[in-house]
Amino acid sequence: MSRKQIQPRLNEFERIARYFAPLAGKGARGLTDDVALIPGPARTEYVLKTDSIVENIHFFADDPPAQIAQKLLRVNLSDLAAKGARPIGYLLAIALPITRDEAWLEGFSQGLAEDQKRFGITLLGGDSDRTDGPVTLTVTAIGKVKAGTAPRRSGAHAGDRIYVSGTLGDAALGLLLLKQDRHVSPSPPHLGGEGHAWRGLTSRHAAFLVDRYRLPQPRLELGRKLIGLASAAMDISDGLVADLGHICEASKVGAVIEAARLPLSAAARTALRADPNLLETILAGGDDYEILFTAPASAARRLARLPVTEIGRIEKGKGVRVSDAEGKPVPLSKAGYTHF
Ligand code: ADP
Ligand code: MG
């Protein structure tokens, strides 16, 4: 055909598949997993992950710099956790506008220092740039795992059960609260009229939700215990439905989530009671940084001793469905966060 085709805009994953996947080497897992693996000494593998956070997208300009630093590190450590890796160290690349002074850097480095101690890692190198744009921060985290044991996104089978660690939706709800406080438009239409909170939500609940947005908790200890039990695993960063969708696509299976089984904090339960529409935020909002994994029924007894909740089943077919307590389908309008 001679007529010029108008190309639809590629989404984030189509771009990666077209432009970068052909460049990927051994250990990259085709750029369809959360980490890369390269052989290390004594039957180990190094586990590599890089993730950036950008001002006004992943954090607010006036967030405490120590917390920005810790979020930056932890979003990376969360990927290592889902693969059962032990973190070793990290590289740090920062692009800062001139407005970021030494007081900001002092707080930022203090946050890193605290988390280095908390997670037993050290800084290995990095890069520093000046920018006229927003603050852009990148960490490359390096960990180690016994060779061949890190679970993939692609290992789920029909009949496997689906599990998550911790509680879901807290961070997405915390972000809604922050946006409402700041009158960032468009403000979420379903927030109650009275003050900043949903009916019944206490200020302690609100502080808890905001903290869950600002400070992810990488589930490193749990991740190591899942080795040998999980058939597929990843961390939830773009929302449960989208990330489970990635596991399904990589594993060539479908999934059904039972909404009534979702593990919710007291704060999230209160918010959901005040506004049932928030179920969609909980299912599809991002920033949970919990481990999402699948496991065969034979692992159920051992998993019962771990802080995880079964939320559904892997089935033949494709795509992710959500069903309510009566088994009726829950409609979903947004599938999760993508960058393009
Ligand atoms: P996560 O949610 O864990 O950060 P993503 O879904 O963002 O992971 O990324 C999916 C895969 O695409 C990963 O393997 C990642 O390494 C790869 N990827 C993303 N962007 C790029 C890029 N610009 N160049 C090479 N690989 C990329
Ligand atoms: Mg990830």
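Residues numbered from 1 in each chain as written. Chains lettered and ligands numbered in written order. Predicted model: local features only at pLDDT ≥ 70, side-chain atom pairs only at ≥ 80, totals over all residues. Heavy atoms only, no water.

A. Local environment of the pairing of strand E2 (residues 44-54). Pairing of strand E1 (residues 36-39) with E2, which is carried by four bridges, proceeds in the antiparallel orientation. By the bridge assignment for E2, Ile38 is matched with Tyr46. Where E1 folds back onto E2 in an antiparallel hairpin, the turn is made up of four residues, including Ala42, whose phi is positive at roughly 50°. Sheet topology note: the E2/strand E5 (residues 136-146) ladder contains eleven bridges and is antiparallel. Within the sheet, the bridge partner assigned to Ile53 lies in E5 and is Leu137. (Pairing = 2+ DSSP bridges. Helix = DSSP H or I, 4+ residues; strand = E, 2+ residues; numbered from the N terminus.)

B. Up close: the coordination of the magnesium ion (ligand 2). For the magnesium ion (ligand 2), the protein coordination sphere consists of Asp34 (OD), Asp79 (OD) and Asp235 (OD), at 2.0 to 2.2 Å. Read N to C, the donor residues that coordinate the magnesium ion (ligand 2) are spaced as D-x44-D-x155-D. Placement of the pair is Asp79 in helix H2 (residues 65-82) and Asp235 in strand E7 (residues 232-235), with a sequence separation of 156 residues. In this pair, the class of Asp79 matches that of Asp235, namely buried. (Donors = N, O, S within 2.8 Å, 3.2 Å for Na, K, Ca; no water. Buried < 20%, exposed > 50% of the residue type's maximum accessible area, 1.4 Å probe, protein only.)

C. Structural context of empty space enclosed by the protein. Scanning the entire structure with this criterion turns up one cavity of 30 Å³ or more. Of the pockets and cavities examined, the largest cavity occupies roughly 50 Å³. Along the walls of the largest cavity sit His58, Phe59, Asp63, Gln67, Ile68, Lys71, Tyr213 and Arg214, which together make up its complete lining. Going through the elements one at a time, H2 and helix H5 (203-214) are the ones with two or more residues in the lining of the largest cavity. Among the elements that make up the lining of the largest cavity, the one with the highest residue count is H2 (three residues). Its residues assigned to classes, the lining of the largest cavity shows three nonpolar, two polar and three charged. (1 Å grid on protein atoms, 1.4 Å probe; cavity = no way out; pocket = protein on both sides within 12 Å on 5 of 7 lines; lining within 4 Å. Points joined across faces, edges and corners; volume = space filled by probe spheres on them. Nonpolar A, V, L, I, M, F, W, Y, C, P; charged D, E, K, R; others polar.)

D. Layout of the site of ligand 1. The local shell around ligand 1 consists of Glu12, Phe13, Ile16, Phe20, Leu31, Asp33, Asp34, Lys49, Asp51, Asp79, Arg153 and Ser237. Asp79 places a side-chain nitrogen or oxygen 3.1 Å from an oxygen atom of ligand 1. In this structure, an oxygen atom belonging to ligand 1 sits 3.2 Å away from a side-chain N or O atom of Ser237. The protein chains hide 69% of the 560 Å² of surface that ligand 1 would expose on its own. Elements represented by at least two residues in the shell around ligand 1 include exactly helix H1 (12-20) and E2. The element that contributes the greatest number of residues to the shell around ligand 1 is H1, accounting for four residues. For the shell around ligand 1, the class distribution of residues is four nonpolar, one polar and seven charged. (Near = heavy atom within 4 Å. Polar contact = N/O pair within 3.5 Å; in protein donor to acceptor, adjacent residues only side chain to side chain. Areas by Shrake-Rupley, 256 points an atom, 1.4 Å probe, with all protein chains shown as cover.)

E. Geometry of the packing of aromatic side chains. For the structure on display, the rule yields two aromatic pairs. With 5.1 Å between their ring centres and 10° between their planes, Trp104 and Phe108 make a pair best called stacked. Taken as a pair, Trp104 and Phe108 lie in helix H3 (residues 102-119) at a separation of four residues, close to a single helical turn. Phe108 matches Trp104 in its accessibility class, with the two residues each being buried. (Phe/Tyr/Trp six-rings, centres within 6.5 Å; stacked < 30°, edge-to-face > 60°.)

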